[in-house]
Amino acid sequence: MSAYVERTDGSYVEEKSAGLIWHFLDADPEFGRWQARELHDHLENVLGAFNVEIVSGQGLIWARHKHFNKGEMVKRIITEAQREHDFVLCCGDDRTDEDMFSYLASALGSLQNLFTCTVGMKPSYAKFYLRAVDEVSHILSVLTISGKKRPGMAGGMGGGMGGMMAGRGTSMSAMKGSQSNLAALGGDD
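Bear in mind that the values here come from a model prediction, so they are computed numbers and not experimental data. (Residues numbered from 1 in each chain as written. Predicted model: local features only at pLDDT ≥ 70, side-chain atom pairs only at ≥ 80, totals over all residues. Heavy atoms only, no water.)

A. Representation of the pairing of strand E4 (residues 60-65) within the structure. In terms of residue burial, E4 counts as a mostly covered element, since five of its six residues are buried. The sheet contact formed by strand E2 (residues 19-23) and E4 spans five bridges and is antiparallel. Bridging across to E4, Gly 19 finds its partner in Arg 64. Here strand E3 (residues 52-57) runs beside E4; their pairing, made up of six bridges, is antiparallel. Within E4, the position partnered with Ile 54 by the bridge is Ala 63. A loop of two residues connects E3 with E4, the two strands running antiparallel in sequence, and Gly 59 in this loop sits at a positive phi of about 75°. (Buried < 20%, exposed > 50% of the residue type's maximum accessible area, 1.4 Å probe, protein only. Helix = DSSP H or I, 4+ residues; strand = E, 2+ residues; numbered from the N terminus. Pairing = 2+ DSSP bridges.)

B. Looking closely at helix H4 (residues 98-108). All of the buried residues in H4 are Glu 98, Asp 99, Met 100, Phe 101, Tyr 103, Leu 104 and Leu 108. If you follow the buried residues of H4, they end up packed against E4, helix H3 (70-81), strand E5 (88-92) and strand E6 (114-119). (Contact = heavy atoms within 4.5 Å.)

C. Structural detail: the pairing of strand E1 (residues 12-16). Bridge analysis of E1 against E2 gives five bridges, and the strand direction is antiparallel. By the bridge assignment, Val 13 is partnered in E2 with Trp 22. Between E1 and E2, which pair antiparallel and follow one another directly, the connecting turn spans two residues.

Bear in mind that shape data such as this cannot, by itself, settle questions of function.
In structure tokens:
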């Protein structure tokens, strides 16, 4: 990865407990993507025999342990909680978040109040998408208001979130300003 940092201005390597990440978001976009494809292929060839996974994300290449990902972490959290879950909201904006969405769909897919959202329109295991990060902030603020207004309900939600979200591949941004949808969440009183 060091060689790619040297020849790609604006890139750097980050050391994580789960592996190494080569960031190229600040590099020239076209050259950065070209270098990323080359590094991805090189790492897969060199590390293919080991228990390592090479993940391409938004502006990054991550070399990580195969069984150390966000899906495994969510599985651990859900398992260690040792209780039923009445509401789950999981948001992410990158390829590395797909492990979470996939795990939640398989483990909690029958949960009525399971909301997985990817940020940006792209193929995903998430049920819903949001167009921008500010929409995640909006949903969290509406949930906070709703929780304060309905303290007797788990998470303050009841069944209202379904009024704000539509089906797979559907954006929630078009519903953002809707008074009836905010009312369903308790946000317009």
